[in-house]
Amino acid sequence: RLDRFEGKIGEREARLLEFLKEPHTLAEIAEHRFVYRPGDPVAFAEGVERRSMSQHLARLERAGRVREVEPGLFLAVAGA
């Protein structure tokens, strides 16, 4: 189970990096839905998406794969 969960983290980050080839805010990232499928009627989805994606962004920033180009606006680092 842990391996499967770890694989999901990598999948989400790969999809997030693809999405961040153009700059986006955390609100736009959460709205895109990386944890839940778009259109799934989950009452708490927005909160989960915001929290999860903020953690992914922080991790990717520390790794030098994402940067904040303006306050609150994130972009994938080319070639990272």
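In case you missed it, the structure is sitting above this.
Bear in mind that the values here come from a model prediction, so they are computed numbers and not experimental data.

Asks: Looking at this model, I keep getting lost on the pattern of salt bridges. Mind explaining?
Replies: For side chains of opposite charge, pairing can occur when their charged atoms come near one another. Summed over all chains, the structure comprises 4 salt bridges. A salt bridge links Glu18 to Lys21; the nearest nitrogen and oxygen atoms lie 3.1 Å apart. The exposure class of Glu18 is partly exposed, given its relative accessible area of 48%. Residue Lys21 is classed as exposed on the basis of its relative accessible area, which comes to 56%. As a salt-bridge pair, Asp40 and Arg37 come within 3.5 Å of each other at their nearest N and O atoms. The exposure class assigned to Asp40 is partly exposed, which follows from its relative accessible area of 23%.

Asks: Could you clarify how one ought to interpret the nonpolar core in this entry?
Replies: Nonpolar side chains in soluble globular proteins generally cluster together in the buried interior. Ranked by size, the top nonpolar core spans 13 residues in total, and within it Leu16, Leu20, Ile29, Phe34, Met53, Leu57 and Val66 carry the most contacts. If you list the elements that add at least two residues to this core, you get helix H1 (2-19), helix H2 (26-32), helix H3 (45-62) and strand E3 (73-76). Ignoring any residue separated from it by four or fewer positions in sequence, one finds Leu57 in contact with Leu16, Leu20, Leu26, Ile29, Val66 and Phe74.

Asks: Explanation requested: H3 in the structure shown.
Replies: Along its 18 residues, H3 runs 26 Å from first to last C-alpha, staying within 8% of the 26 Å computed at 1.5 Å per residue. Those residues of H3 not exposed but buried are Ala45, Glu49, Ser52, Met53, His56, Leu57 and Leu60. For H3, the angular spread of the buried residues around the axis is 140 degrees, confining them to a single face. Every exposed residue of H3 that faces more than 90 degrees away from the buried side is listed here: Arg51 and Arg62. At the exit of H3 stands Gly64, carrying a positive phi of roughly 75 degrees.

Rules used in this analysis
Residues numbered from 1 in each chain as written. Predicted model: local features only at pLDDT ≥ 70, side-chain atom pairs only at ≥ 80, totals over all residues. Heavy atoms only, no water. Salt bridge = Lys/Arg side-chain N within 4 Å of Asp/Glu carboxyl O. Buried < 20%, exposed > 50% of the residue type's maximum accessible area, 1.4 Å probe, protein only. Core = buried A, V, L, I, M, F, W, Y, C linked by side-chain atoms within 4.5 Å. Helix = DSSP H or I, 4+ residues; strand = E, 2+ residues; numbered from the N terminus. Contact = heavy atoms within 4.5 Å. Expected span 1.5 Å × (residues − 1). Arc of directions from axis to C-beta.

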